[in-house]
Amino acid sequence: MIKKCLFPAAGYGTRFLPATKAMPKEMLPVLTRPLIEYGVEEAVEAGLNTMAIVTGRGKRAIEDHFDISYELEHQIKGTTKEPLLTQIRKLINKCTFSYTRQVEMKGLGHAILSGETLIGNEPFAVILADDLCDADSHNEGVLSQMIKLYSKYKCSIVAIEEVPKEDTNKYGVIDGEQIADGVYMIKNMVEKPNPEDAPSNMAIIGRYILTPDIFDIIRETKPGKGGEIQITDALMTQAQNGMVLAYKFKGKRFDCGSVDGFVEATNYFYKKGSK
Ligand code: UTP
């Protein structure tokens, strides 16, 4: 079964400059917890215990976050502040973290390929931490729902959401045939199409289950939109060779890579009473 979760976290985060000049985008906090911690929580909830993180220059704060801070913990031991670290301590104890660096930022597909050394020859999950997901009124997280689907179909799966047609140029967009409730067999997928060229308004968001043959396919994938190696292009090849599914997940998703989405997420979690 799937045990590993890859977090591509090497992007520059230019939409958040200057905040991301010296701080990783994945460490921006929604309330008191950085984005990537929400992602790791979601992976753990889905039964995964091995976190593989693709970082880049200037991202060392991520490694420090998922480690013990002896000095700090000594300082607050026995005070009212001590419980503030309980949740992250539990998370650290539940899983292992390994890291590799993407040396040149050549796109999401390339970042995933950089993680091959940490994943090996097994199916794995991918979380883009800047897409923050919440189960909302449903009782399981998005990744957990996708893992269940994987155990039935045993193929790559992307999470999708309907977006306003004018926003298709921000996403990979799919066209597919519905084979079960919320499950589509992908026939076509296009990276960031203009609304008039988009095959639908069903956009891929930052949750994937990938089978390991994707690595060889990415290696053969030429740079696409924006000169980057696109995971969408590699998945299209995989769909043509076999089967890739799209899953309309239950729950909420916030695009925390954009300022608007980030503010929305902050308000949502604040109202929900999260810490
Ligand atoms: P984005 O498209 O959000 O790019 O990447 P970005 O660089 O993070 O942010 P902006 O657009 O400049 O503001 C989607 C995800 O893919 C990762 C990012 O870290 C993010 O999680 N990524 C992207 C990489 O790891 N490497 C890359 O070369 C590109």
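Heads up: the structure comes first, above all this text.
No experiment lies behind these values; they were computed from the predicted model shown.

Asker: Is there a simple way to explain the pattern of salt bridges in this structure?
Answerer: When charged atoms on two side chains of opposite charge get close, those side chains can pair. Counted by the stated rule, this structure contains 19 salt bridges. Here glutamate 73 makes a salt bridge to arginine 89, at a shortest N to O gap of 2.1 Å. A residue pair is termed long-range when its members are at least 10 positions apart, and glutamate 73 in helix α3 (residues 70–76) and arginine 89 in helix α4 (residues 86–94) qualify at 16 residues. As a salt-bridge pair, lysine 148 and glutamate 140 come within 3.0 Å of each other at their nearest N and O atoms.

Asker: I'm lost on the layout of surface pockets in this one. Help?
Answerer: Here the idea is plain: a probe the size of a water molecule rolls over the atoms and shows the empty space left. Roughly 1,200 Å³ of internal volume is contained in the largest pocket. Lining the largest pocket are 41 residues, with Arg15, Lys25, Leu128, Asp130 and Lys192 sitting closest to its centre. Going through the elements one at a time, α5 (108–114), β11 (202–210), α9 (231–241), β13 (252–255) and α10 (259–272) are the ones with two or more residues in the lining of the largest pocket. The greatest single-element share of the lining of the largest pocket, amounting to four residues, is contributed by β11. Its residues placed into classes, the lining of the largest pocket shows 15 nonpolar, 11 polar and 15 charged.

Asker: Just to check I follow, could you spell out the site of the ligand for this structure?
Answerer: Around the ligand sit 17 residues, and of these Thr14, Arg15, Lys25, Gln102 and Gly107 come closest. The separation between an oxygen atom of the ligand and a polar side-chain atom of threonine 14 is 2.5 Å. Here arginine 15 contributes a backbone N or O atom positioned 2.8 Å from an oxygen atom of the ligand. For the ligand, the protein covers 82% of the area, taking 570 Å² as the surface of the free molecule. According to the grid-proximity analysis, the pocket containing the ligand is the largest pocket. In the shell around the ligand, the residues fall into seven nonpolar, five polar and five charged.

Asker: Hey, could you run me through the environment of isoleucine 174 in this one?
Answerer: When you line up the elements, isoleucine 174 lands in strand β9 (residues 172–180). Look at isoleucine 174 and you get buried, because its relative accessible area is 0%. If we ignore the near neighbours within four places in the chain, the residues touching isoleucine 174 are Ile160, Tyr184, Ile186, Asn188, Met189, Pro199, Ser200, Met202, Ile204 and Ala246.

Asker: Explain the pairing of strand β12 (residues 244–248) to me, please; I cannot follow it from the model alone.
Answerer: The two faces of the sheet receive side chains in turn, since in a regular strand these alternate between them. In terms of residue burial, β12 counts as a mostly covered element, since four of its five residues are buried. Judged from the five bridges that link them, strand β8 (residues 156–162) and β12 form a sheet pairing that is parallel. Within the sheet, the bridge partner assigned to serine 156 lies in β12 and is valine 244.

Asker: When you look at the side chain of threonine 168 in this model, what are you seeing that I'm missing?
Answerer: Its place among the elements puts threonine 168 in the loop between β8 and β9. Threonine 168 sits in the buried class, given a relative accessible area of 0%. At 3.0 Å, the side chain of threonine 168 forms a polar contact with the backbone oxygen of proline 193.

Asker: Would you mind going over unusual backbone geometry with me for this structure?
Answerer: Leave glycine aside and you will find that most residues have negative phi; peptide bonds, for their part, are mostly trans. A cis amide bond, omega 5°, links leucine 17 with the succeeding residue proline 18. Relative to the assigned elements, proline 18 resides in the loop between β1 (4–8) and β2 (29–30). Here the phi dihedral of leucine 31 falls at roughly 60°; this positive angle occurs in a residue that is not glycine. By the element assignment, leucine 31 lies in the loop between β2 and β3 (33–34). When its relative accessible area of 24% is taken as the criterion, leucine 31 is described as partly exposed. With phi around 60°, aspartate 136 is a residue other than glycine that occupies positive phi space.

About the thresholds
Residues numbered from 1 in each chain as written. Predicted model: local features only at pLDDT ≥ 70, side-chain atom pairs only at ≥ 80, totals over all residues. Heavy atoms only, no water. Salt bridge = Lys/Arg side-chain N within 4 Å of Asp/Glu carboxyl O. Helix = DSSP H or I, 4+ residues; strand = E, 2+ residues; numbered from the N terminus. 1 Å grid on protein atoms, 1.4 Å probe; cavity = no way out; pocket = protein on both sides within 12 Å on 5 of 7 lines; lining within 4 Å. Points joined across faces, edges and corners; volume = space filled by probe spheres on them. Nonpolar A, V, L, I, M, F, W, Y, C, P; charged D, E, K, R; others polar. Near = heavy atom within 4 Å. Polar contact = N/O pair within 3.5 Å; in protein donor to acceptor, adjacent residues only side chain to side chain. Areas by Shrake-Rupley, 256 points an atom, 1.4 Å probe, with all protein chains shown as cover. Sits in = over half its atoms within 2 Å of the grid points. Buried < 20%, exposed > 50% of the residue type's maximum accessible area, 1.4 Å probe, protein only. Contact = heavy atoms within 4.5 Å. Pairing = 2+ DSSP bridges.

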